[in-house]
Number of protein chains: 2
Amino acid sequence: MSELQLVLDQLQEGQDEALDRLFSFIRVKSISTDPAYKNDCVTAANMACDFLQRAGFETEVVPTTGHPMVLGHYRSQGNRQAPHLLFYGHYDVQPVDPVDEWSRPPFEPSLVDDDKNGTIIHGRGSSDDKGQLLTFVEAARAWHEVTGDLPVNVTVLLEGEEECGSPSLDGFLKERAQDLKADFALICDTLQWDKDTPAITAMLRGLASIEVCVTGPNRDLHSGMYGGPAVNPLQVLSKGLAALHDETGRVLVPGFYDGVIEPDKSLIDQWSRSDFDEGAFLSDIGLDKAHGEMDCSVLEQLWCRPTLEINGMWGGYIGPGHKTVIPSKAHAKLSLRLVAGQKPDLILSELQDHLTKACGDDVKVEFSDPHGSSAVAFDLSKPHMDVARRVLKEEFGKDPILLGCGGSIPIVDVFERQLGLDCLLVGFALNDDCIHAPDEKYNVSSFQKGTRAFARMIADFGRVE
Amino acid sequence: MSELQLVLDQLQEGQDEALDRLFSFIRVKSISTDPAYKNDCVTAANMACDFLQRAGFETEVVPTTGHPMVLGHYRSQGNRQAPHLLFYGHYDVQPVDPVDEWSRPPFEPSLVDDDKNGTIIHGRGSSDDKGQLLTFVEAARAWHEVTGDLPVNVTVLLEGEEECGSPSLDGFLKERAQDLKADFALICDTLQWDKDTPAITAMLRGLASIEVCVTGPNRDLHSGMYGGPAVNPLQVLSKGLAALHDETGRVLVPGFYDGVIEPDKSLIDQWSRSDFDEGAFLSDIGLDKAHGEMDCSVLEQLWCRPTLEINGMWGGYIGPGHKTVIPSKAHAKLSLRLVAGQKPDLILSELQDHLTKACGDDVKVEFSDPHGSSAVAFDLSKPHMDVARRVLKEEFGKDPILLGCGGSIPIVDVFERQLGLDCLLVGFALNDDCIHAPDEKYNVSSFQKGTRAFARMIADFGRVE
């Protein structure tokens, strides 16, 4: 019998104890954003550290200006030349408000039978990210218990501030870069396709943002005394913003689509063959039809097409009742979701030119607060990507879907930029896990099949050249 | 010597006493909007009442739920069949903040030499409206002192809540409509053309307003997770609002200009011959050029052309920093300045249709809080209008300019609607009087020539058929 089979058997036998560990982890109210739970965050860090120690890791709880980092190292004894992977997860959780909307207490985890999902683990953090990070730690533990070793070198980094903007992360990474050297990073904080189908996140859109202010008259004016000859900056800004998209949903900023790298056709095909239900997706948010680029499917629009959005707009009188003012200024906050090949700085500059022209000569158009981060398209030809695709298929009996992700995932950007690491995003959460919401859950099948998949990956990562 | 000449001589002789009365009136801090000055308002009402009594009026100080009304009646003894005029003014004043910006104390009136205006009366209320209302009362007083009679029947109504929205006015007018019967109303709360040229306000624009709310998704969305397929109501509303005007500044709402009554060509000619300085008007508000209808002068745009303005707009995230939200709702407050011949209700309905169409089918467009009041174009052929034009020319040696007014004047609407009275708007304030602002002033020449002009009007109104 192979070592892997022994490990998988061990996982089978130990599944109640693994659930017990997850339950005790969920009971710790590690709400990172609320100072009232500072001690709970320390408790959670120490517990995670204990889990790692019992899985054979050398561990360290590293204090920061905020909540501590948990660091674990496992150097393979039998395979010292094995690749080195850096696993990332986070032990902090979101607040539980509105707590009245939970059907059970958020920090008293329980197993519940669910018609759609089978048995689920109910509780805050069951999925995001205590359940997901333990999915990996339990796989390593089983390897350690069965073989007294891991076939791959592993560093584990567990953060306690992911849900509150990671204020300590940059400093920590700078200080401890030496301790985080690895060949690639494995992040378990993303989705499966559905409860029976695994997924790898293959691309993340980038994000650029900027604020615009249009100034017309030098002061707010009475519309009776000045209405007519006085230019109204709200009217001008509306015209400018209306000139950002054409009738087919395409962005009209010149150069906006230059350099866009289309994803491999096989991905588009996989998405179109998938059972994604556009109608259900749209009706969930109260819409009848998709509004973006007419010639793209919803998944393409979300995952591999860039967008330009107005996130906020204001000017003039916005209180109750009416005030006949012509405001001096009008404002908007704009952001762009970018895809591979688009350069954030260049596009922000093109946007400024376009909007300034569209607003015309009668006003002053000023921009502030520009930010930009590029899209990430993971290289699907990397060996660790091959391993992930193969073992997920072995475990689930289905090819994993290669997902896009419409948003950015800050840790990916940080790892790529600060540590120069390729990232592999494999997660077992589901869209209906209610992360950040009442009644968060994690499917027991996600926990168990996920752990088995990671046990397989640990074996195969050890054989990567 | 004519009675009128005796009255004008009397005004000349009594001008120091008249200024003394105005000074004592200004010293009363009758700030109607601030409850701390409630007693001062009563003091000012009693003082105004005393002025009227000494001018031969039967008077009454009428309590209201707010500040009292002052009512005075003078029935002509020698000319019982004479026309009856209702004079309106207000004894309350604006607050004096920011008081640091006054060069002299606001409630310690003084005469100051001014390079441009000659001698001026400095102090809060000197122009708006204590000075202007006394301009009339002093004329009546001189007639009474010289002849023991007035050649016309006069009712005077002095309000104490004009600067705080006239909350008691409607109720008072309903209750005392019998006491306010008259042939026409004379309101002294408006402008001369310049310090040497008189004016009659010949038209007021109307006002309609409405609020619009555009709903896209059923909740605020994360732009990473939904950006692309999800319709953004801020984008849609911007497109809708951009469709309200064409490139020449004309309003695109179908039917908007239907029925517009152009003012008499002689008025347009008078305005174009006047020394109104478009460049100075625009540069004062920081603009290089007029933005309204291209084929209309600034004065036409302000006085006799309708407008459609966005007074406020908001939606999404408008705090500091950035939030990548696609909001569920976007809002705007719109108002229209209307001219003679436009029907507010009809136009609001046409606007709703137009904006709904322009926003398209992918969103819900809802309107709320509609209000409308028609424009007023005074009938220049009425006898009291003839009298005013003639005597202003006699006194100033120049034809009065027949002004438009871009805003509405609430008391006109109330008098026309509730009392069915034609209004005659003759005032002697100047654009640089700083009403509602620090260093309010009234030219001594406005006070004296205005009083003489009213003395002439009182004579001639008595001869109107």
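These numbers come from a predicted model, not from an experiment.

J.: Outline the overall build of chain A, listing residues and values.
T.: A count of helices and strands for chain A gives 14 helices and 18 strands. Relative to the globule expectation of 23 Å for 465 residues, the C-alpha radius of gyration of chain A, 25 Å, shows essentially globular dimensions. In chain A, the share of contacts with a sequence separation of at least 24, taken over all contacts with a separation of at least 6, comes to 78%.

J.: Got a sec to walk through the interface of chain B and chain A? Specific residues and values, please.
T.: On the side of chain A, 60 residues touch chain B, which itself brings 60 residues to the contact. Mapped by element, the contributors of at least two residues to the side of chain B that touches chain A are strand S9 (206-215), strand S10 (221-222), helix H6 (223-226), helix H7 (233-242), helix H10 (298-303), strand S11 (307-316), strand S12 (325-326) and strand S13 (329-338) of chain B. The leading source of residues in the side of chain B that touches chain A is S11(B), at 9 residues. By residue class, the composition of the side of chain B that touches chain A is 24 nonpolar, 26 polar and 10 charged. Strand direction decides the pairing type here: strand S11 (residues 307-316) of chain A and S11(B), joined by 5 bridges, are antiparallel. Among the inter-strand pairings, A:Gly316 is bridged to a residue of S11(B), identified as B:Gly312.

J.: Tell me what's going on with the relation of the copies chain B and chain A, and back it up with residues and numbers.
T.: Expressed as a screw transformation, the operator carrying chain B onto chain A has a rotation angle of 180 degrees and an axial translation of 0.2 Å, and the superposed copies differ by an RMSD of 0.1 Å. What the rotation and shift describe, once combined, is the action of a two-fold rotation axis.

J.: Kindly report on the packing of helix H2 (residues 15-26) of chain B against helix H4 (residues 130-147) of chain B, identifying the contributing residues and their values.
T.: All names here are of chain B. Two numbers describe how H2 lies on H4: the axes approach to 10 Å, and their chain directions differ by 145 degrees. Two packed elements cross with a definite hand, and for H2 against H4 that hand is right-handed. Contacts between H2 and H4 pair Ala-18, Arg-21, Leu-22, Phe-25 and Ile-26 from the former with Lys-130, Gly-131, Leu-134 and Glu-138 from the latter.

J.: Could you give an account of the pairing of strand S5 (residues 118-122) of chain A, naming the residues involved and the relevant values?
T.: Across a regular strand the side chains alternate sides, sitting on one face of the sheet and then on the other. Residues and elements named next belong to chain A. Summarising the sheet, strand S4 (residues 110-114) and S5 pair through 5 bridges and their orientation is antiparallel. Pairing of Asp-114 across the sheet is with Gly-118, part of S5. Following S4, the chain reverses through 3 residues before pairing antiparallel with S5.

J.: So what's going on with the sheet that holds S5(A)? Residues and values would help.
T.: Residues and elements named next belong to chain A. The 3 strands lie next to each other as S4-S5-S18, forming an open sheet whose pairing is antiparallel. Both outer strands of the open sheet, S4 and strand S18 (441-443), are each paired with one neighbouring strand and no more. Taking each pair of neighbouring strands and ignoring which way they run, the sheet shows an average axis angle of 35 degrees. Two elements, S5 and S18, share 3 bridges in a ladder whose sense is antiparallel. Along S18, the bridge assignment pairs His-122 with Lys-441. Docked against the sheet, helix H14 (residues 444-461) engages S5 and S18, running at close to 95 degrees with respect to S5.

J.: Please provide a residue-by-residue account of the domain arrangement of chain A, values included.
T.: Residue and element names in this part refer to chain A. The domain boundaries assigned to chain A delineate domain 1 (3-203 + 376-461) and domain 2 (206-260 + 306-373). Placing the centre of domain 1 and that of domain 2 at their C-alpha centroids yields a distance of 41 Å. Taken residue by residue, the interface counts 5 residues in domain 1 and 5 residues in domain 2. Class assignment for the residues of the side of domain 1 that touches domain 2 results in 2 nonpolar, 2 polar and 1 charged.

J.: Could you give an account of the sheet that holds S11(A), with specific residues and numbers?
T.: Strand order in this open sheet of 8 strands is S14(A)-S9(A)-S13(A)-S11(A)-S11(B)-S13(B)-S9(B)-S14(B), and the pairing throughout is antiparallel. At either end of the open sheet lies a strand with only one pairing partner, and these are strand S14 (364-373) of chain A together with strand S14 (364-373) of chain B. Going across the sheet, the axis of each strand differs from the next one's by a mean of 20 degrees, ignoring polarity. Along the sheet, helix H11 (residues 344-359) of chain B makes contact with S9, S13 and S14 of chain B, crossing S14(B) at roughly 160 degrees.

J.: Any chance you could break down the environment of A:Ile347 for me, citing the residues and the numbers?
T.: Residue and element names in this part refer to chain A. The residue Ile-347 is located in helix H11 (residues 344-359) in this model. Residue classification places Ile-347 among the buried positions, given that 25 C-beta atoms sit within 10 Å. Once the C-alpha coordinates of Ile-347 and Gly-372 are considered, the two residues, 25 residues apart in sequence, prove to be 9.4 Å apart.

J.: Please provide a residue-by-residue account of unusual backbone geometry, values included.
T.: In this chain, A:Asp97 is followed by A:Pro98 through a cis amide linkage whose omega measures -10 degrees. A cis amide bond, omega 0 degrees, links B:Asp128 with the succeeding residue B:Asp129. Looking at where B:Asp129 falls in the secondary structure, it is placed in the loop between strand S5 (118-122) and H4. Even without being a glycine, A:Cys434 presents a positive backbone phi close to 55 degrees. By the element assignment, A:Cys434 lies in the loop between strand S17 (422-426) and S18. Even without glycine at this site, B:Ser166 takes up a positive phi of about 50 degrees. Inspection of the secondary structure puts B:Ser166 in the loop between strand S6 (153-159) and helix H5 (169-175). Look at B:Ser166 and you get buried, because 20 C-beta atoms sit within 10 Å.

J.: Any details on the packing of helix H7 (residues 233-242) of chain A against H11(A)? Residues and values, ideally.
T.: Any two packed helices are characterised by how steeply their axes cross, that is the angle between the axes, and by the distance between the axes. Residue and element names in this part refer to chain A. With their axes 8 Å apart at the nearest point, H7 and H11 run at an angle of 130 degrees to one another. As judged from the angle between their axes, H7 and H11 are oblique. The way H7 lies across H11 gives a crossing that is right-handed. Contact residues: Val-236, Leu-237, Lys-239 and Gly-240 in H7; Leu-355, Ala-358 and Cys-359 in H11.

J.: Explain the nonpolar core to me, using residue names and the numbers behind them.
T.: In this structure, A:Ile458, B:Ala185 and B:Ile458 are the most contacted members of the largest nonpolar core, which totals 282 residues. Setting aside residues up to four positions removed in sequence, B:Ile458 forms contacts with B:Ala139, B:Ala140, B:Trp143, B:Leu150, B:Pro151 and B:Val152.

Analysis parameters
- Position numbers for residues start from 1 in each chain and track the written sequence from start to end.
- Here the convention is simple: chains get letters from A, ligands get numbers from 1, in the order in which they are written.
- In keeping with the model being predicted, local features are shown solely for residues with a pLDDT of at least 70 and side-chain atom pairs are shown and tallied solely at 80 or more, while totals for entire chains, interfaces and linings include all residues.
- Numbering of helices and strands runs from the N terminus; a helix is a DSSP stretch of H or I covering at least four residues, while a strand is a stretch of E covering at least two.
- In this setup the radius of gyration rests on C-alpha atoms only. A globule is expected at 2.2 Å times the number of residues raised to 0.38.
- Whether two residues are in contact depends on their C-beta atoms, placed from the backbone: they are in contact if these lie within 7 Å.
- Residue polarity follows a fixed list, in which Ala, Val, Leu, Ile, Met, Phe, Trp, Tyr, Cys and Pro are nonpolar, Asp, Glu, Lys and Arg are charged, and the others, Gly among them, are polar.
- Paired strands, in this sense, are two strands between which DSSP finds at least two bridges.
- In superposing the copies, a least-squares fit is computed on C-alpha atoms, taking residues whose pLDDT is at least 70 in both.
- Axes, fitted as lines to C-alpha atoms, cover a helix only where it is in contact. Angles between the N-to-C directions of the axes lie from 0 to 180 degrees.
- Note on convention: the crossing is left-handed when the near helix lies turned anticlockwise from the far helix by less than a right angle, right-handed when the turn is clockwise.
- Domain start and end points were adopted from an automatic or database domain assignment.
- Put plainly, a residue is buried at 20 or more neighbouring C-beta atoms within 10 Å of its own, exposed at 12 or fewer, and partly exposed in between, counting only other residues' C-beta atoms, which are placed from the backbone.
- Just so you know how the angles are binned, under 35 degrees is roughly parallel, over 145 roughly antiparallel, 65 to 115 roughly perpendicular, and the rest oblique.
- We define a nonpolar core as a collection of buried residues of the types Ala, Val, Leu, Ile, Met, Phe, Trp, Tyr and Cys that are connected via C-beta atoms lying within 7 Å of each other.

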